[in-house]
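Residues per chain are reported as follows:
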2 protein chains.
Amino acid sequence: MNIGQASDASGVSAKMIRYYEQIGLIRPAGRTDTNYRSFSERDLNDLRFIKRGRALGFSIEEITNLLSLWRDRTRPSREVKAIADGHVADLRTRIAEMQAMADTLSALSECCAGDERPDCPILSDLAAGPRPVAPTSAESRRLRAPRRPS
Amino acid sequence: MNIGQASDASGVSAKMIRYYEQIGLIRPAGRTDTNYRSFSERDLNDLRFIKRGRALGFSIEEITNLLSLWRDRTRPSREVKAIADGHVADLRTRIAEMQAMADTLSALSECCAGDERPDCPILSDLAAGPRPVAPTSAESRRLRAPRRPS
DNA sequence: GCTAAGACTTCCCATCATGGGAAGGTCAAG
DNA sequence: CTTGACCTTCCCATGATGGGAAGTCTTAGC
């Protein structure tokens, strides 16, 4: 099974499969005599595991740990749970931050006529910034720009 | 007013001020005869505007547009509102995605004993992935790993 | 006036996960 | 044997931010 088939079967792009191999997340795939990568069922299972982990928002680092726990039949479920719970806490924190942004902005937007006139509470807020509230918890971490990936 | 003072007064790091200048988000600051940047009150206002925009999650690109609308006294508030509403929609989409992740994960976590035993529904889910649900809307866009920036 | 500390300058590198694309080798169907 | 679809590696870009080096400048204390 070559990389294209592995990609189709796992939902992980060929680019990403090569990347995961490069950073050591997955074992180097076998090679044919013409240097094509060759994937086994087991490799596929790993790729599907990774795919699902990413879909749940786990970072590559967390997935590295989850993968090694998965392979360890004597793992304590405590460790798995700790990773998952940590991730959930992270998600909830970020959700709350984004929720606060969305709420603030939609309140401002509701007060904006949205017509040809220049008066706009949204700009006024950005300019005067009466946002005297407590130092946004978001300021203590890297502030990602919630961007639509085009 | 040099860059350190401008940074303190605006809350934008010196690094970021230089970056914003480099990418053309702000006008190049004046220079002293010894090549130090020199900031005016107006520059400060721009920096504060940017700072607040970032705190609301606007991307640099959106802020670029908001800044030029802000400077244009004949802007139609419609345009400002469109940017804000677009951003709010983006936020809400991402919130929903992360919420779904968090809900799925915490449901799994609740079923996990979290003790010394190896049995773990979280790993089972990642491995077997009975996640047959509709193609997560998240899969159509770049999937960010919700990472805590340490 | 001299010196040391601190702040400024530019320049390069790293992050994280992903995609784009070039240049060249390989495979399978016609 | 050609053609097109695949594979390989390698380099580059993203977005917003920080780290740090090497060199210049300023300021406070002596």
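Thresholds applied
Residues numbered from 1 in each chain as written. Chains lettered and ligands numbered in written order. Predicted model: local features only at pLDDT ≥ 70, side-chain atom pairs only at ≥ 80, totals over all residues. Heavy atoms only, no water. Helix = DSSP H or I, 4+ residues; strand = E, 2+ residues; numbered from the N terminus. Buried < 20%, exposed > 50% of the residue type's maximum accessible area, 1.4 Å probe, protein only. Contact = heavy atoms within 4.5 Å. Areas by Shrake-Rupley, 256 points an atom, 1.4 Å probe, with all protein chains shown as cover. Near = heavy atom within 4 Å. Polar contact = N/O pair within 3.5 Å; in protein donor to acceptor, adjacent residues only side chain to side chain. Nonpolar A, V, L, I, M, F, W, Y, C, P; charged D, E, K, R; others polar. Axes fitted to C-alpha atoms, helices over the stretch in contact; angles between N-to-C directions. Parallel < 35°, antiparallel > 145°, perpendicular 65-115°, else oblique. Disulfide = S-S within 2.5 Å. Least-squares fit on C-alpha atoms with pLDDT ≥ 70 in both.

Turning our attention to the overall build of chain A. Helix and strand content of chain A: six helices and two strands. Evaluated residue by residue, chain A yields a buried proportion of 41% over its 150 residues. Taking all contacts inside chain A whose residues are at least 6 apart in sequence as the whole, residues at least 24 apart take part in 47%. A total of about 7,800 Å² of accessible surface is found on chain A, and carbon and sulfur atoms cover 52% of it.

Here we come to the protein's contact with DNA strand C. Lining the immediate environment of DNA strand C, one finds 22 residues, of which Lys15(A), Tyr20(A), Thr34(A), Gly4(B) and Arg37(B) sit closest. When the atoms of DNA strand C within 4 Å of the protein are sorted by group, sugar and phosphate make up 66%. One nitrogen or oxygen atom from the side chain of Ser13(A) is found 3.1 Å from a phosphate oxygen belonging to DNA strand C. The separation between a base nitrogen of DNA strand C and a polar side-chain atom of Tyr36(A) is 2.9 Å. Of all the secondary structure elements, the ones that give two or more residues to the surface near DNA strand C are helix H2 (14–22) of chain A together with helix H1 (3–10) and helix H2 (14–22) of chain B. Looking at the surface near DNA strand C, the element that brings in the most residues is H2(A), giving four residues. Residue composition of the surface near DNA strand C, grouped by class: nine nonpolar, six polar and seven charged.

With that settled, consider the packing of helix H6 (residues 121–128) of chain A against helix H3 (residues 41–55) of chain B. Where H6(A) meets H3(B), the axes come as close as 7 Å, and the angle between the chain directions of the two elements is 115°. Judged by the angle between their axes, H6(A) and H3(B) are roughly perpendicular. Note on element contacts: H3(B) touches H6(A) through Arg48(B), Phe49(B), Arg52(B) and Gly53(B), opposite Leu123(A), Asp125(A), Leu126(A), Ala127(A) and Ala128(A). Each residue belonging to the contact of H6(A) with H3(B) can be placed in one class, and the counts come to five nonpolar, one polar and three charged.

It is worth spelling out the state of the cysteines at this point. Put plainly, two cysteines are in a disulfide when a covalent bond ties their sulfur atoms together. For the coordinates displayed, the defined rule picks out zero disulfides over all chains. Between Cys111(A), a cysteine without a disulfide, and Cys112(A), which holds the nearest cysteine sulfur, the sulfur-to-sulfur distance is 8.8 Å.

Now for the protein's contact with DNA strand D. Around DNA strand D, 23 residues are found, and the nearest of them are Gly4(A), Arg37(A), Lys15(B), Tyr20(B) and Thr34(B). The sugar-phosphate portion of DNA strand D accounts for 68% of its atoms within 4 Å of the protein, the bases making up the rest. Taking Arg37(A), its main chain carries an N or O atom lying 2.8 Å from a phosphate oxygen of DNA strand D. The side chain of Arg54(B) places a nitrogen or oxygen atom 3.0 Å from a sugar or linking oxygen of DNA strand D. Contributions of two or more residues to the surface near DNA strand D are made by helix H1 (3–10) and H2 of chain A together with H2 of chain B.

A few words on the relation of the copies chain A and chain B. What relates the pair of chain copies is a rotation about an axis plus a shift along that axis. It takes a turn of 180° to lay chain A on chain B, together with a shift of 0.0 Å along the axis; the resulting RMSD is 0.0 Å. This pairing of chains is accounted for by a two-fold axis. For chain A, the minimum C-alpha distance to the rotation axis belongs to Ile95(A) and amounts to 2.8 Å. Both copies share a contact surface, since 99% of the interface residues of chain A are interface residues in chain B too.

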